[in-house]
Amino acid sequence: MNMNDTSEKSQNLARRLVVPKAMGLTSLTGMIVVSALILFACSSLRHALFQSAAFDLGIFDQAIYLISQGEPPISSFINHHIMGDHAAWILYLLAPLYKIYPDVHWLFAIQAISLALGALPTWYLASQAGLTRKQATAMAVVYLLYPLVFNINLFDFHPEVMAIPPLLGAVLAARLHQLGWFCVAIIFVLGCKAVLTMTVAAMGFWLLIFEKRRIYGAIALFAGVAWFLIATQAVIPLFTEPERMTGIGRYDFLGDSVLEIGKNVFLKPELVLSKIFTLPNLEYWALLLSPVIWGLSLQHLTPLVGAVPTLFLNLLTDHQPQKDLTHQYSLPVLPFLLLAVISTLAAGGGWLRSRRAIVLWSLVAFLALAKFGYFGSIYLESINTWQATREAISHIQPQKSILTDNHLAPHVAHRPVVELIGSSSSLDQLTEFEYVLLNLRHPWSDSQEVAPELVNKLRHNPQFQLGYERDEVYLFERVNLPSPVRKPSP
């Protein structure tokens, strides 16, 4: 094929990839906007009901707040610099929003918009592959109703959600020969989380070998491998001790470092196979594939090459959150699942081909696997202390150090020192904090035993006084807490 043919083909594709001006109530733009609003409302409501957690919402909220204040983003929850967590430099780009107004709802909005926007490149990819307008719209619905999208939105905040639209966009850019946009998308994805380097490298291998996009594949493969080595061997160790690198302990049967684990994957296949072929992993496959099983075929599974690193890590560990559709660990698999379905439909395959049937299947999968029912059950368990908890928090002065539990911490994270009840709650260390906030009626599971003992200690500690008590919600305040400086009235 000569250059003129390639140029003409690209122009034809560009003409086809025009979002229709009107699709009634189910227009692509309308679906994205409504989805983003629903996701934002749900995550905000969960937070308002004191169901969010320090891990992971409080960690990122505190770090971004500290960046916005010009302070080192050393999270007191993990006791090291936030770059030592996942080398997610993208968090620095969010700090200007906190300069405008420091509020955790920025994170909920970014997460909701990012997740909803994934429907846009999905629609474009479906149209580019030759699907009808109705089928392309159905694929956007498949994405939005995939249970993981809704569930991860409820599970606090994770920067990798921002990588989904550019990850899909990178594939689209490669297919449309848009090298500049492809590079921008890849750089953005790499900044969201260190583990995504493996996804980018695998995607590059797929583009290089199976899609015959040699330049694009080579760029992604090189960038993914290079940033993986830089992030794991230089950036993260610079900000934290190697033994404290997040997630390493889940694979300690293979080694104590990233490189040792990678080496032993090949040198000790018997260990790997014993972990891969298990009943929990079979259940995980069923959860992962059931929402889109109607559109998968063996002849068109090559896009899943991009998901191999994520799938391998999830199958290899015994860490249960990596084997469900509730947590963030399976999110990098979703774009490649969608690409596999699109490839099957474009080739005339698939059990379901009509928009109505596809949407109906997706709706049933959503109703079966999405955790919307939590709003009528576990999210209301502490509603009888809701008002008391809000009042107690209102008595806490800004910037003062505080000891509290995992559910309350995200509501007081805008300060340098917030720690969770645990080993820090010994009597000798209590004087390190200026406030202690507890909910004895609904304590966090890890603090059920220590919380009552802590309240008893504080009641008899002359250095603390009970500043608020209602419905078994307690706020203790250090006696020597300095009074706030008040400006004189004009």
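Residues numbered from 1 in each chain as written. Predicted model: local features only at pLDDT ≥ 70, side-chain atom pairs only at ≥ 80, totals over all residues. Heavy atoms only, no water.

### Describing the pattern of salt bridges
Inspection of the entire model under this criterion finds 9 salt bridges. For aspartate 156, the salt bridge goes to arginine 46, with nearest N and O atoms at 2.9 Å. Of this pair, aspartate 156 sits in the loop between helix H9 (147–154) and helix H10 (164–175) while arginine 46 sits in helix H2 (residues 28–48), placing them 110 residues apart in sequence. For the salt bridge of aspartate 318 with lysine 275, the shortest nitrogen-to-oxygen distance reads 2.7 Å. Note that aspartate 318 is positioned in the loop between helix H17 (308–316) and helix H18 (334–346) and lysine 275 in helix H15 (residues 269–276), a separation of 43 residues in sequence. Residue classification places aspartate 318 among the exposed positions, given a relative accessible area of 58%. The exposure class assigned to lysine 275 is partly exposed, which follows from its relative accessible area of 21%. (Salt bridge = Lys/Arg side-chain N within 4 Å of Asp/Glu carboxyl O. Helix = DSSP H or I, 4+ residues; strand = E, 2+ residues; numbered from the N terminus. Buried < 20%, exposed > 50% of the residue type's maximum accessible area, 1.4 Å probe, protein only.)

### Brief notes about a nonpolar patch on the surface
Together, Leu360, Leu363, Val364, Leu367 and Phe372 give the surface a local cluster of nonpolar side chains, amounting to about 450 Å² of exposed area. Following the sequence through the fold, phenylalanine 372 ends up in the loop between helix H19 (355–369) and helix H20 (386–394). (Patch = residues over 30% accessible without salt bridge, like charges linked within 9 Å, V, L, I, M, F, W, Y side chains within 5 Å. Areas by Shrake-Rupley, 256 points an atom, 1.4 Å probe, with all protein chains shown as cover.)

### So, the pairing of strand S7 (residues 473–478)
One face of the sheet, then the other: side chains in a regular strand alternate in exactly this way. Across the 6 residues of S7, 5 count as buried, placing the element largely inside the fold. Two elements, strand S6 (residues 464–470) and S7, share 6 bridges in a ladder whose sense is antiparallel. What sits directly across from leucine 466, in S7, is phenylalanine 476. (Pairing = 2+ DSSP bridges.)

### With respect to the layout of surface pockets
Where empty space is left becomes clear once a probe the size of a water molecule has been rolled over the atoms. A volume near 550 Å³ is recorded for the second largest pocket. For the second largest pocket, the lining is made up of 22 residues, of which Ile393, Pro410, His411, Val412 and His414 are closest to its centre. It is H20 that contributes the most residues to the lining of the second largest pocket, 3 residues altogether. A class-by-class count of the residues in the lining of the second largest pocket yields 13 nonpolar, 5 polar and 4 charged. (1 Å grid on protein atoms, 1.4 Å probe; cavity = no way out; pocket = protein on both sides within 12 Å on 5 of 7 lines; lining within 4 Å. Points joined across faces, edges and corners; volume = space filled by probe spheres on them. Nonpolar A, V, L, I, M, F, W, Y, C, P; charged D, E, K, R; others polar.)

### Notes on the packing of aromatic side chains
Using the criterion set out here, one finds 10 aromatic pairs in the structure. Ring geometry for phenylalanine 182 versus tyrosine 216: centroids 5.2 Å apart, planes at 90 degrees, classification edge-to-face. Highlighted residues: phenylalanine 182 in helix H11 (residues 179–190) and tyrosine 216 in helix H13 (residues 214–239), separated in sequence by 34 residues. Residues phenylalanine 182 and tyrosine 216 agree in their burial class; the two are buried. Taken together, the ring pairs connect Phe150, Phe366 and Phe372 into an aromatic cluster. Residue placement shows lysine 275 over the ring face of phenylalanine 253; its charged tip is 4.8 Å from the ring centre. (Phe/Tyr/Trp six-rings, centres within 6.5 Å; stacked < 30°, edge-to-face > 60°. Lys NZ or Arg CZ within 6 Å of the ring centre and 35° of its normal.)

### As for the sheet that holds S6
Strand order in the open sheet formed by 5 strands is S4-S3-S5-S7-S6, and the pairing between neighbours is mixed. Each edge of the sheet is formed by a strand with only one pairing partner; in this case those strands are strand S4 (418–420) and S6. Within this sheet the neighbouring strands show an average axis-to-axis angle of 20 degrees, counted without direction. Pairing of strand S3 (residues 402–404) with strand S5 (residues 435–439) involves 2 bridges; the strand directions are parallel. Its bridge partner lying in S5, leucine 403 is registered against valine 436. (Axes fitted to C-alpha atoms, helices over the stretch in contact; angles between N-to-C directions.)

### Section: H10
Here H10 is 12 residues long and its end C-alpha atoms lie 17 Å apart, about the 16 Å a rise of 1.5 Å per residue gives. Most of H10 is tucked away: 11 of the 12 residues are buried. The complete set of buried residues in H10 reads Ile164, Pro165, Pro166, Leu167, Leu168, Ala170, Val171, Leu172, Ala173, Ala174 and Arg175. In the stretch just after H10, histidine 177 is the one whose phi turns positive, near 60 degrees. (Expected span 1.5 Å × (residues − 1).)

### Notes on the packing of H2 against helix H6 (residues 105–117)
Contact geometry of H2 with H6 gives a least axis separation of 8 Å together with a crossing angle of 145 degrees. Considering only the axes of H2 and H6, their crossing is right-handed. Contacts from Ile32, Ser35, Ala36, Leu39, Phe40, Ser43, Ser44 and His47 in H2 reach His105, Phe108, Ala109, Ala112, Ile113, Leu115, Ala116 and Leu117 in H6. Of the residues belonging to the contact of H2 with H6, the class tally is 11 nonpolar, 5 polar and no charged. (Left-handed = near helix turned anticlockwise from the far one by under 90°. Contact = heavy atoms within 4.5 Å.)

### Topic: the state of the cysteines
With the rule as written, the count across this model stands at 0 disulfides. Of all cysteine sulfurs in the structure, the one in cysteine 183 sits closest to cysteine 192, which takes part in no disulfide; the separation is 16 Å. (Disulfide = S-S within 2.5 Å.)

### Quick notes on the nonpolar core
Among the nonpolar cores identified, the biggest contains 140 residues, and Met139, Phe182 and Met203 are the most heavily contacted of them. Judged by nonpolar contacts, the second largest core, of 13 residues, contains Leu403, Leu430, Leu454 and Val455. (Core = buried A, V, L, I, M, F, W, Y, C linked by side-chain atoms within 4.5 Å.)

### Quick word on the confidence of the model for the protein
In the predicted model, the protein carries a mean pLDDT of 91, and the fraction of residues at 70 or more is 90%. Every residue in residues 483–490 scores below 50 in pLDDT, and together they form 1 contact with partners more than four places removed in sequence or on other chains. (pLDDT = per-residue confidence, 0-100.)

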